[in-house]
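Summary of the model geometry
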Amino acid sequence: MRSGGARWGLRLATLAVLGFIYIPLAVVIVYAFNASGTVSWPPAGFSLRWVQAALENSGLQDAFKTSIVIGIGAAAIAVILGSLAAFAVARYRFFGREAISFVVVFPIALPGIVTGMALSTTFATVDLPLGILSIIVGHATFCVVLVYNNVIARLRRTSRSLEEASSDLGADTWQTFRHVTLPAVRSAVLAGALLAFALSFDEVIVTIFTAGGVTTLPIWIFRSFRLANQVALVNVAGLAAILLSVIPVYIASRLTQDTGGVTGAKT
Amino acid sequence: MPILGSGRRDPHEERVATLTPQARPSDRADAASPPAVELRHVVKRFEGDVGRRVARSVDAAGGARGAADAVVAVAGIDLEIGDGEFFSMLGPSGSGKTTTLRMIAGFEQPSEGRILLHGEDVTERPPFDRDVNTVFQDYALFPHMTVGDNVAYGLMIRKVPKPERERRVGDALAMVRLSGYERRKPGQLSGGQRQRVALARALVNRPSVLLLDEPLGALDLKLREEMQIELKAIQQEVGITFIYVTHDQEEALTMSDRLAVFSQGRIEQVGSPAEVYERPATPFVAGFVGTSNLLGGAVAETIVGRAGTFTVRPEKIRMGEPDAPAGDDESSALGVVRTVVYLGPDTRYIVALDAGAELVVTEQNLSTSSMEALAAQGRRVRLTWKRQHNFAIGG
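These figures come from a predicted structure and were not determined experimentally. (Residues numbered from 1 in each chain as written. Chains lettered and ligands numbered in written order. Predicted model: local features only at pLDDT ≥ 70, side-chain atom pairs only at ≥ 80, totals over all residues. Heavy atoms only, no water.)

What follows covers the overall build of chain B. When helices and strands are counted, chain B shows twelve helices and 18 strands. Out of the 395 residues in chain B, the part that is buried amounts to 51%. Intrachain contacts of chain B at a sequence separation of at least 6 include 68% that bridge at least 24 residues. Taken as a whole, chain B presents about 17,400 Å² of accessible surface, with 49% of it coming from carbon and sulfur. (Helix = DSSP H or I, 4+ residues; strand = E, 2+ residues; numbered from the N terminus. Buried < 20%, exposed > 50% of the residue type's maximum accessible area, 1.4 Å probe, protein only. Contact = heavy atoms within 4.5 Å. Areas by Shrake-Rupley, 256 points an atom, 1.4 Å probe, with all protein chains shown as cover.)

What follows covers the nonpolar core. By size, the foremost hydrophobic cluster in this structure holds 42 residues, and its most contacted members are Y148, L155, L217 and W220 of chain A. Mapped by element, the contributors of at least two residues to this core are helix 2 (49-56), helix 3 (58-91), helix 5 (112-125), helix 6 (132-157), helix 8 (173-201), helix 10 (217-224) and helix 11 (231-256) of chain A. Discounting residues that sit within four places of it in the chain, L155 of chain A has contacts with A86, F87, A90, R91, T181 and V185 of chain A. One finds V42, L117, L211 and I267 of chain B within the second-largest nonpolar core, a separate group that totals 38 residues. (Core = buried A, V, L, I, M, F, W, Y, C linked by side-chain atoms within 4.5 Å.)

The next subject is the packing of aromatic side chains. Enumeration over the complete set of coordinates arrives at ten aromatic pairs over all chains. Between F107 of chain B and F136 of chain B the ring centres are 5.7 Å apart and the planes differ by 35 degrees, which places this aromatic pair in the tilted class. A residue pair is termed long-range when its members are at least 10 positions apart, and F107 of chain B in the loop between helix 3 (97-105) and strand 4 (112-117) and F136 of chain B in the loop between strand 6 (132-135) and helix 4 (147-157) qualify at 29 residues. F136 of chain B shares its class with F107 of chain B; the two are buried. Clustering of aromatic rings is evident, with ring pairs tying together F64, F197 and F201 of chain A. The ring of W8 of chain A carries R11 of chain A above its face, with NZ or CZ at 5.0 Å from the centroid. (Phe/Tyr/Trp six-rings, centres within 6.5 Å; stacked < 30°, edge-to-face > 60°. Lys NZ or Arg CZ within 6 Å of the ring centre and 35° of its normal.)

Moving on: the interface of chain A and chain B. Facing 27 residues of chain A, the contacting portion of chain B comprises 32 residues. When the buried surface of chain A facing chain B is broken down by residue, E164, D168 and L169 of chain A rank first, second and third, together holding 30% of it. The tally of links between chain A and chain B comes to one salt bridge. Of the charged contacts in the structure, one is a salt bridge between R102 of chain B and E164 of chain A, with a shortest N-O distance of 2.6 Å. Across the contact surface, chain A and chain B share eight residue pairs in polar contact (both at pLDDT 80 or more). By residue number, the principal contributor to the side of chain A that touches chain B is helix 7 (residues 160-168) of chain A, which donates seven residues. For the side of chain A that touches chain B, the class distribution of residues is eight nonpolar, 13 polar and six charged. (Buried area = accessible area lost by both parts, 1.4 Å probe. Salt bridge = Lys/Arg side-chain N within 4 Å of Asp/Glu carboxyl O. Polar contact = N/O pair within 3.5 Å; in protein donor to acceptor, adjacent residues only side chain to side chain. Nonpolar A, V, L, I, M, F, W, Y, C, P; charged D, E, K, R; others polar.)

This brings us to the domain arrangement of chain B. Residues and elements named next belong to chain B. As far as domains go, chain B holds domain 1 (26-131 + 207-287) and domain 2 (291-392). Of the residues lining the interface, eight residues belong to domain 1; the matching set on domain 2 comes to eight residues. Taken over both partners, the interface formed by domain 1 and domain 2 buries close to 710 Å², and the fraction arising from carbon and sulfur atoms is 57%. Looking at the side of domain 1 facing domain 2, the largest losses of area belong to Y277, E278 and A286, adding up to 58% of the total buried there. One can count zero salt bridges joining domain 1 with domain 2. Inspection of the domain 1/domain 2 interface yields two residue pairs in polar contact (both at pLDDT 80 or more). (Domains from an automatic or database assignment.)

What follows covers the packing of helix 1 (residues 4-32) of chain A against helix 11 of chain A. Residues and elements named next belong to chain A. Two numbers describe how helix 1 lies on helix 11: the axes approach to 8 Å, and their chain directions differ by 125 degrees. It follows that helix 1 is oblique to helix 11 by the angle criterion. Crossing of helix 1 over helix 11 shows left-handed handedness. Two secondary-structure elements touch here, helix 1 through L25, V28, I29, Y31 and A32 and helix 11 through N235, V236, G238, L239 and I242. Of the residues belonging to the contact of helix 1 with helix 11, the class tally is eight nonpolar, two polar and no charged. (Axes fitted to C-alpha atoms, helices over the stretch in contact; angles between N-to-C directions. Parallel < 35°, antiparallel > 145°, perpendicular 65-115°, else oblique. Left-handed = near helix turned anticlockwise from the far one by under 90°.)

Further remarks concern unusual backbone geometry. One can expect most non-glycine residues to show negative phi and most peptide bonds to be in trans. Residues and elements named next belong to chain B. One non-glycine residue, H41, lies in positive phi territory at about 40 degrees. Assessed through its relative accessible area of 42%, H41 is described here as partly exposed. The phi dihedral of Y139 falls on the positive side, at around 70 degrees, and the residue is not glycine. Residue position: Y139 is located in the loop between strand 6 and helix 4.

Attention shifts here to the packing of helix 6 of chain A against helix 8 of chain A. Residue and element names in this part refer to chain A. One way to put it is that helix 6 packs onto helix 8 with a least axis distance of 8 Å and a crossing angle of 150 degrees. Between helix 6 and helix 8, the angle is such that the two are roughly antiparallel. Pair helix 6 / helix 8 crosses with right-handed handedness. Partitioned by chemical class, the residues of the contact of helix 6 with helix 8 number 15 nonpolar, six polar and one charged.

A separate point is the pattern of salt bridges. Under the defined criterion, the tally for this structure stands at 22 salt bridges over all chains. R177 of chain B is paired through a salt bridge with E230 of chain B; the nearest N and O atoms lie 2.7 Å apart. In this pair, R177 of chain B sits in the loop between helix 5 (162-175) and helix 6 (191-203) while E230 of chain B sits in helix 7 (residues 221-238), placing the two residues 53 residues apart along the sequence. Three or more residues are tied together by salt bridges with common partners; here these are R91, R160 and E163 of chain A.

What follows concerns the sheet that holds strand 3 (residues 86-90) of chain B. Residue and element names in this part refer to chain B. Here six strands make up an open sheet; going across it, the order is 6-7-8-3-9-10 and the pairing mixed. Whereas interior strands pair on both sides, the edge strands pair on one side only; in this sheet they are strand 6 and strand 10 (266-271). Averaged over all pairs of adjacent strands, the angle between their axes in this sheet comes to 20 degrees, without regard to strand direction. The strands touched by helix 7 within the sheet are strand 3, strand 7 (209-213) and strand 8 (241-246), with strand 8 carrying the most contacts at an inclination of about 155 degrees. (Pairing = 2+ DSSP bridges.)

All names here are of chain A. Topologically, A63 is positioned in helix 3. A C-alpha to C-alpha distance of 22 Å links A63 and L128, two positions 65 residues apart in sequence. Ignoring anything within four residues of it in the chain, the contact list for A63 reads T215, T216, L217 and W220.

Residue and element names in this part refer to chain B. Alternating residues of strand 6 divide into V132 and T134 and N133 and V135, and every residue in both groups is buried. Summarising the sheet, strand 6 and strand 7 pair through four bridges and their orientation is parallel. The partner of N133 across the bridge, within strand 7, is L210.

We now examine helix 3 of chain A. Between its terminal C-alpha atoms helix 3 of chain A stretches 49 Å, which fits the 50 Å expected from 34 residues at 1.5 Å a residue. A distance of 2.9 Å separates the backbone nitrogen of G59 of chain A from a side-chain oxygen at the start of helix 3 of chain A, and that oxygen is part of N57 of chain A. (Expected span 1.5 Å × (residues − 1).)

All names here are of chain B. Across seven bridges, the pairing between strand 14 (residues 330-342) and strand 17 (residues 380-386) is antiparallel. Each residue of the ladder has a partner; that of S331, found in strand 17, is W385. For strand 14 and strand 15 (residues 346-353), the ladder comprises seven bridges, and the chain directions are antiparallel. Note on strand 15: the bridge partner recorded for V337 is V351.

Listed below in structure tokens is the structure:
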């Protein structure tokens, strides 16, 4: 048992760390609803004028839509490639199976600057014009792992005997996939897709290298941040970015912490 | 009909007179109706990756190893299982009994040999194209479906019309005493209830053969004993062939019409519970199905009066004072009680014989208290038993 003093010290330290992370976020949210256009404390009062301005700013609107399209595109590629890779590794044996996990996980560990540079060089070499498509491909490289990891973890927890039982009861391979395997992994695929979307939505480094003339929301924020007359708008954009990252991540974590007993063997 | 182990009896040995002759279902059937399940020299080798993994578990259990990287899980099995029979496959883990069951279900392909169901060769057929159903050790209930949908699954796949489906699901759940549980999820059931849902899900399809892979392994002792009785009753009610894999010899002896004892990928003996228990064909069977109580070599010659290896069941031996007389028709030996294990209804004595072997003796605690039983430790005793209970082992 710790002494009272030590326990209070620990609580204060925890609060300090949490405050360090979340107070700046809170500041952004407060300024998004600030009546004044300048960053100064205390805020002048509550107002929706900057939200209104943000909704009317076509540059910001376009950047926002572009980011959503890219996020959905990257998540879609990640779902297809990540799920297929997970199924292959979890359910079949083939040469190089052990290496696949490493190959799939590696891009997320690779510095973004290297990924960006390499992709940019490759796209230039094969004459692929930079734009939304090249950004989607760039984001997909590190988004695949999110779906892959979620799905393979679920497949490993799902007993093989479920698929065997389905087959034993007369279902062919496709029926087994549709009635047993897919329901078992569905929420894991969705969770992976949401995480992939969130990761793509706020990515900056790879985007800079592969964007060409396209402006995504993070890039718009990055550019506008230095312009005095845009500062208030940046806070509103920041709030939008926070929401679009927090909501998918929250849903994803709810989806993956599902009800235990996967095989139903033990109570 | 080749029944393994039946030719191994010692012709000089007295027969156990009281043994009930067990009619084998396949003997009863006329030659025109083939056995429910027939295995012809079935071999299963696991190779490469899987082989190495299986090798680790099999090596620990003393299994057979084949060529480099290949593990022989099943080393040539011939077996016929009759229609309507309750047949158990008994053996320690790694003995090949589960692999054999999985080959009958179609989850594993035999490396050699043929598998026939009612005379039809199904060796190449996938599991969904075989008229057998399986109750899995972990039950394998679909967690996202209700109990009703789980039981209806096989009927749904076969496109049985909904009214008939519902009626049959209701009947199946009633049979396992789970009427009214249709809408529950497997996660809301106890272990014993899940076990019965798994049974209903398999039986609702009216398969010709039901395969059960250690279905009671995850249940506690009391529930297991209840389910043993219930399973046997259900089997008699539906008249389906049950093939039951277990490592629990008591379970196999109480439930089966016949059983096969597996060791290292081979069948050591096939027979009725009484045959296998009273007349084990090999020392392994003697040890696995009961307490081995083996007398071999010089010890056998001294006590039994003949060369060979003999086994005596612990409950056949009487323990008395060292000067107690032994009849002409009795074998006897002097020894010292080394260990006493009090088991409630009976007491088990381990006696070190002067001649050099050890025998286990069990006695019912008819008038003995635990204190008296435990006081026997270290005492000199004479063991006597009828000569006809010296059973010679062929192996």
